Amino acid sequence: METKYIFVTGGVVSSLGKGIISSSLACLLKARGYRVTIQKFDPYINIDPGTLNPYEHGECYVTVDGHEADLDLGHYERFTDIQTTRANNITTGRIYQSVIDKERRGDYLGKTVQIVPHITDEIKRAVKRLGNTGNFDFVITEIGGVVGDIESLPFLEAVRQLRWELGSNSVCVHLTYVPYIAAAKELKTKPTQHSVKKLQELGIQPDALVLRAEHHISNEMRRKIALFCNVAPDSVVQSIDVDTIYRVPLRMHEQGLDEIVLRKAAVTNAPEPDMKPWCDFLDKMDTASHVVTVGLVGKYVELQDAYKSIDESLFQAATYNGHKVKIKYIHSEKLTDDNVEQKLSALDGVIIAPGFGNRGIEGKFVALKYCREHDIPTFGICLGMQCMVIEFARNVLGLKDANSTEMNPGTPDNVIDLMEEQKSISNLGGTMRLGAYECQLTPGSRVAEAYGKYVVSERHRHRFEFNNSYREAFERAGMSCVGQNPATRLVEVVEIPGKRWFIGTQYHPEYSSTVLHPNPIFLSFMKAVIDYHNEKENN
Ligand code: GLN
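Residues numbered from 1 in each chain as written. Predicted model: local features only at pLDDT ≥ 70, side-chain atom pairs only at ≥ 80, totals over all residues. Heavy atoms only, no water.

(A) Quick peek at the nonpolar core. Within the largest apolar cluster, 47 residues are counted, with the highest numbers of intra-cluster contacts made by Ile6, Leu29, Ile140, Val173 and Trp278. When residues in this core are grouped by element, the largest group, eight residues, is from helix α1 (residues 18-31). Residues in contact with Ile6, not counting those within four places in the same chain, are Leu25, Leu29, Phe138, Val139, Ile140, Thr141, Val171, Val173 and Val261. If you look at the next biggest cluster of nonpolar residues, it comprises 39 residues, including Ile352, Phe365, Tyr370 and Leu383. (Core = buried A, V, L, I, M, F, W, Y, C linked by side-chain atoms within 4.5 Å. Buried < 20%, exposed > 50% of the residue type's maximum accessible area, 1.4 Å probe, protein only. Helix = DSSP H or I, 4+ residues; strand = E, 2+ residues; numbered from the N terminus. Contact = heavy atoms within 4.5 Å.)

Shown next, in the form of structure tokens:
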């Protein structure tokens, strides 16, 4: 089969869930046995989101090959179990950078370099890069932003040209919003009509419309939208708010979105999707009745998407353990010795979040001291693991001013220090220790038991590391280094063996947890959380 290209565009407003719709479509096509990949094109000028503050774009996701990516790539992986790479996330910045590099090399042979055709050609090449490998039947391309934005114009022009060139090998799915005016008790279709008009003005006729709405959209209203938008009536589907994003693939399948796409792409005799494993997951979720509460201590807790992958990993792990999880977000800046008892004592488990910089750091130490002394199941991730080490150094080893040189470059006890290869680096973008590295686990440790093996590969995003010259002192006092990089001896996992569950990972296991393959360390943590919850209830 020739590679089919599906473009997903969005209209009216942002945050409609293009990433979820794209992921759901990929999930359904994969369940039919097709080889699928999804890529995201972001119209901003940053080369990647690695240097963006979480306030701007939420969590920064990391791919196995060490690309700092848009958080939608996390959805893609969680929904499809397909690993993405740097080729799956392109920004305007990267497009321009490669065009400008070519111009400097003289590749354009003295021609005037312009948005059309040079930028648009570069975009088209990027769209087809994964398809050209021959590894995929479907390449789904999500165009970030909203139709009508100045910034997305070159991308949409590239899509227009590609649609023309690819003919029936391309499909366009447009996602819009149908607002409900409460006072009039009415859903309104006009914004959808306008956004499709805008797309048509740019020369793109969508094949299918997905209407995001808070209320059911009647067939009559769908027919009206179809009529005004030159779309077949059966190709207008609705996407109503659901309790979990993981129901969306089934909702789309019930309305035939995957069928519509296959038909438009002229694919015949497609096998039916095997959604059994997916439905089993949803059944587990629906039958889980008991709730456990996990506190997440971080400094971006007021932001919905700042810890997206951790939230999803906790949810998956709870579901597989037959429970529901409530995540209580605790602002580390507001945590003090005086209120820690009140804020943490009722929790069944605590996560100390990743992060950068000084703000809110002392609150993490306060939380960790409390959790360690009260033996609450505790999981430190990246900066959270580094904080575990610092708190232990201060309060158990008696190194009062122990710190990370990130927080205090002059600390007398630099138990966390800059990695050797980081010392000469001055640029911030894409220069951390990024992507998947092997980690060797100590036999007999709780973390080795969790994974059920001794060598694992997990993703990283950090500059600082455990300072190995303190290793013996920590081990003697009861904090063990139970995971290390086999080549460099960098410490990847610490644990206090005598505790219920007290583990820190320098890596980010949340990036590799998916619906069908939850991450083992989250499963193990969640089991400890549930056991602790039950133990308290039975006492
Ligand atoms: N700021 C720490 C470092 O750079 C931890 C990073 C993180 O939590 N992702 O090493």
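(B) Spatial organisation of the site of the ligand. For the ligand, the full set of nearby residues is Pro354, Gly355, Phe356, Cys382, Leu383, Gln386, Glu406, Arg461, His462, Arg463, Phe464 and His508. At 2.9 Å from an oxygen atom of the ligand is found a main-chain nitrogen or oxygen belonging to Gly355. Here an oxygen atom of the ligand sits 3.1 Å away from a polar atom, N or O, in the side chain of Gln386. Relative to its unbound accessible area of 290 Å², the ligand is 99% covered by the protein chains. Of all the secondary-structure elements, those providing two or more residues to the shell around the ligand are α15 (383-395) and β18 (455-462). Classifying every residue of the shell around the ligand gives five nonpolar, four polar and three charged. (Near = heavy atom within 4 Å. Polar contact = N/O pair within 3.5 Å; in protein donor to acceptor, adjacent residues only side chain to side chain. Areas by Shrake-Rupley, 256 points an atom, 1.4 Å probe, with all protein chains shown as cover. Nonpolar A, V, L, I, M, F, W, Y, C, P; charged D, E, K, R; others polar.)

(C) Quick peek at the side chain of Glu157. With respect to the helices and strands, Glu157 occurs in helix α6 (residues 153-166). Leaving out residues up to four positions away in the same chain, Glu157 has contacts with Val116 and Thr120.

(D) The arrangement of the pairing of β18 in detail. With respect to burial, β18 is a largely interior element, six of its eight residues being buried. Relative to β18, strand β17 (residues 433-441) runs antiparallel, the two being bridged by eight bridges. What sits directly across from Glu438, in β18, is Ser457. (Pairing = 2+ DSSP bridges.)

(E) Representation of helix α18 (residues 520-538) within the structure. Spanning 19 residues, α18 covers 27 Å between terminal C-alpha atoms, matching the ideal 27 Å at 1.5 Å per step. By the burial criterion, the buried members of α18 are Ile521, Phe522, Ser524, Phe525, Met526, Ala528, Val529, Ile530, Tyr532 and His533. Regarding α18, its N-cap is Asn519, as a side-chain oxygen of that residue lies 2.9 Å from the backbone nitrogen of Ile521 further along. (Expected span 1.5 Å × (residues − 1).)

(F) Structural view of the sheet that holds strand β13 (residues 324-331). Judged by pairing direction, the sheet is mixed, and its nine strands sit side by side in the order β13-β12-β14-β15-β22-β21-β20-β17-β18 without closing on themselves. On the outer flanks of this sheet lie β13 and β18, each paired with one strand and no other. The sheet shows a mean angle of 25° between the axes of neighbouring strands, taken without regard to direction. Here four bridges tie strand β15 (residues 378-381) to strand β22 (residues 502-505), and the two strands are oriented parallel to one another. Pairing of Ile381 across the sheet is with Thr505, part of β22. Packed onto the sheet, α15 meets β14 (349-352), β15, β18, β21 (491-495) and β22 and runs at close to 115° relative to β15. (Axes fitted to C-alpha atoms, helices over the stretch in contact; angles between N-to-C directions.)

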